[in-house]
Amino acid sequence: VVYSSVSATVEPHFGGQKRYTLDVDFLIVYTNAGNTAIWTIAQELETALSTPIAAVLGSGIDRVTAVKVAGGVPSFDDDAWTMTERYRLTAWDI
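Residues numbered from 1 in each chain as written. Predicted model: local features only at pLDDT ≥ 70, side-chain atom pairs only at ≥ 80, totals over all residues. Heavy atoms only, no water.

A. Expanded view of the overall build of the protein chain. Counting its secondary structure elements, the protein chain contains 1 helix and 5 strands. Sequence-ordered secondary structure for the protein chain, helices as α and strands as β, is β-β-α-β-β-β. Viewed in the frame of its principal axes, the protein chain has a C-alpha envelope of about 55 × 20 × 15 Å. Within the protein chain, buried positions represent 24% of all 94 residues. Put simply, the protein chain has 6 plus and 11 minus side-chain charges, and the middle of one group is 12 Å from the middle of the other. (Helix = DSSP H or I, 4+ residues; strand = E, 2+ residues; numbered from the N terminus. Buried < 20%, exposed > 50% of the residue type's maximum accessible area, 1.4 Å probe, protein only. Lys, Arg positive; Asp, Glu negative; His and termini not counted. Charge placed at Lys NZ, Arg CZ, Asp CG, Glu CD.)

Here it is as structure tokens:
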């Protein structure tokens, strides 16, 4: 799985808080060598990101949440499956 940031924004809110939003594309590449389907890998990624992520202590960021905003469509080329899924990660400063 390869990931890349598509966009990032910082939005000020009442009381000096800021909301950080990051759109991330996850490129899943999978060869047919195993018995796992590319959908299984995508579901495992979704499961991992469905639980709020605890921020690092001292970072000034509250928990991080992720929501899938675009599901991938598998493509087969050169003996490998590829699929890109987009997630939006949101965090608030504390």
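B. Summary view of the nonpolar core. V24, F26, L45, L49, V64, A66, Y87, L89 and A91 together form the largest nonpolar core, which totals 9 residues. Contributions of two or more residues to this core are made by β2 (18–31), α1 (38–49), β3 (61–70) and β5 (80–93). Ranked by residue count, the leading element in this core is β5, at 3 residues. Dropping the residues within four chain positions of it, V24 is found in contact with Y3, S4, S5, V6, E85, R86, Y87 and L89. Grouped together as the second largest cluster of nonpolar side chains are 6 residues, Y30, I41, A42 and M83 included. (Core = buried A, V, L, I, M, F, W, Y, C linked by side-chain atoms within 4.5 Å. Contact = heavy atoms within 4.5 Å.)

C. Fine view of a nonpolar patch on the surface. Taken together, the side chains of V2, L27 and V29 present a nonpolar region at the surface, about 230 Å² in accessible area. Here V2 lies in strand β1 (residues 2–12). Residue V2 is classed as exposed on the basis of its relative accessible area of 51%. (Patch = residues over 30% accessible without salt bridge, like charges linked within 9 Å, V, L, I, M, F, W, Y side chains within 5 Å. Areas by Shrake-Rupley, 256 points an atom, 1.4 Å probe, with all protein chains shown as cover. Salt bridge = Lys/Arg side-chain N within 4 Å of Asp/Glu carboxyl O.)

D. A look at the environment of A91. For A91, the position within the fold is in strand β5. Accessibility expressed as a relative area gives 7% for A91, which makes it buried. Between the C-alpha atoms of A91 and N35, which are 56 residues apart in sequence, the distance is 36 Å.

E. The packing of aromatic side chains, seen in detail. For the structure on display, the rule yields 3 aromatic pairs. Geometrically, the ring pair formed by Y3 and F26 is tilted, given 6.1 Å between the ring centres and 45° between the ring planes. One end of the pair, Y3, is in strand β1; the other, F26, is in strand β2, and 23 residues separate them in sequence. (Phe/Tyr/Trp six-rings, centres within 6.5 Å; stacked < 30°, edge-to-face > 60°.)

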